[in-house]
Amino acid sequence: MAGRLVFVVAALLFFCLAQVSSDLNVVRGANRRLMQEIDCGGLCKQRCSQHSRPNVCNRACGTCCARCKCVPPGTWGNREMCGKCYTDMTTHGNKTKCP
C-alpha cells in the first residue's frame with residue numbers, strides 16, 4: 001500500500017514538473033539561468049518609433065533590453081516599470097542611457 005502511494009505521488013510530481021518546464025523559455029549561455037526571452041528588436045522598434053533619432057534610440061534601447069530583460073511600454077516615460085537596472089544605467093557622460 002505504501003509503495004503504491006509513493007509511486008502515485010512520484011508520478012504526479014513528475015507530471016507537474018514536466019508541465020512547468022515545458023512552459024518556460026530557457027536561455028542557455030555562460031550563466032545558465034532561467035530567463036524569459038523577450039523580443040528586444042520589436043519592443044525597441046515600437047518604443048523608439050516617435051523618437052527624433054530612431055537609430056540612436058534603437059541602439060541604446062537594445063543594449064538596455066539585453067542587460068535588463070525589459071522595455072517599458074509606450075513611446076516615452078514609464079522607465080520605472082523596468083526597475084533599477086533600467087533607470088540607473090548611464091552613459092559615460094553620466095546621462096541616462098535607456099530611452
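As a starting point, this report considers the structure included with it. (Residues numbered from 1 in each chain as written. Predicted model: local features only at pLDDT ≥ 70, side-chain atom pairs only at ≥ 80, totals over all residues. Heavy atoms only, no water.)

### Examining the side chain of Arg47
Item 1. As for its placement among the helices and strands, Arg47 is situated in helix α2 (residues 40-47).
Item 2. Of the side chains bearing the opposite charge, Glu80 lies closest to the buried Arg47, which forms no salt bridge; the N-O distance is 8.0 Å.
Item 3. From its side chain, Arg47 meets the backbone oxygen of Gly74 in a polar contact 3.2 Å long.
Item 4. A distance of 3.1 Å separates a polar atom in the side chain of Arg47 from the backbone oxygen of Pro99.
Item 5. Beyond its immediate stretch of four places on either side in the chain, Arg47 contacts Cys61, Val71, Pro72, Pro73, Gly74, Thr75, Trp76, Gly77, Arg79 and Pro99. (Helix = DSSP H or I, 4+ residues; strand = E, 2+ residues; numbered from the N terminus. Buried < 20%, exposed > 50% of the residue type's maximum accessible area, 1.4 Å probe, protein only. Lys, Arg positive; Asp, Glu negative; His and termini not counted. Salt bridge = Lys/Arg side-chain N within 4 Å of Asp/Glu carboxyl O. Polar contact = N/O pair within 3.5 Å; in protein donor to acceptor, adjacent residues only side chain to side chain. Contact = heavy atoms within 4.5 Å.)

### Thoughts on unusual backbone geometry
Item 1. Notably, Asn78 is not glycine yet its phi reads approximately 60 degrees, a positive angle.
Item 2. Among the secondary structure elements, Asn78 is positioned in the loop between α3 (54-68) and α4 (84-88).
Item 3. Residues other than glycine seldom take positive phi values, yet Asn94 does so here, at roughly 65 degrees.
Item 4. With respect to the element layout, Asn94 can be found in the segment after α4.
Item 5. For Asn94, a relative accessible area of 63% puts it in the exposed group.

### Considerations on the nonpolar core
Item 1. Counting residues in each nonpolar core, the largest one holds 13 residues, and the members touching the most others are Cys44, Cys61, Cys64, Val71, Tyr86, Met89 and Cys98.
Item 2. When near neighbours in sequence (up to four residues on either side) are disregarded, Cys64 contacts Lys69, Cys70, Tyr86, Met89, Lys97 and Cys98. (Core = buried A, V, L, I, M, F, W, Y, C linked by side-chain atoms within 4.5 Å.)

### With respect to the state of the cysteines
Item 1. Under the counting rule described, the total for this entry stands at six disulfides.
Item 2. Residue Cys68 pairs covalently with Cys85 via a disulfide, S to S 2.0 Å. Here Cys68 and Cys85 share a disulfide; its torsion about the S-S bond, -80 degrees, makes the bridge left-handed. With Cys68 in helix α3 and Cys85 in helix α4, this pair connects stretches of sequence that are 17 residues apart.
Item 3. Note on cysteine connectivity: Cys70 is disulfide-linked to Cys82, with sulfurs 1.9 Å apart. When the S-S torsion is -70 degrees, as for the bridge of Cys70 with Cys82, the disulfide is left-handed. Separated by twelve residues along the polypeptide, Cys70 in the loop between α3 and α4 and Cys82 in the loop between α3 and α4 bring together distant segments of the chain.
Item 4. The disulfide pattern of the protein is 1-7, 2-5, 3-4, 6-12, 8-11, 9-10 when the bonded cysteines are numbered in sequence order. (Disulfide = S-S within 2.5 Å.)

### Notes on the environment of Asp39
Item 1. You can see Asp39 is positioned in the loop between α1 (2-23) and α2.
Item 2. Taking the relative accessible area as the measure of exposure, Asp39 reaches 52% and is therefore exposed.
Item 3. Sequence-wise, Asp39 and Cys70 are 31 residues apart; in three dimensions their C-alpha atoms are separated by 9.5 Å.
Item 4. Looking at Asp39, its side chain comes within polar contact range of the main-chain nitrogen of Gly42, at 3.3 Å.

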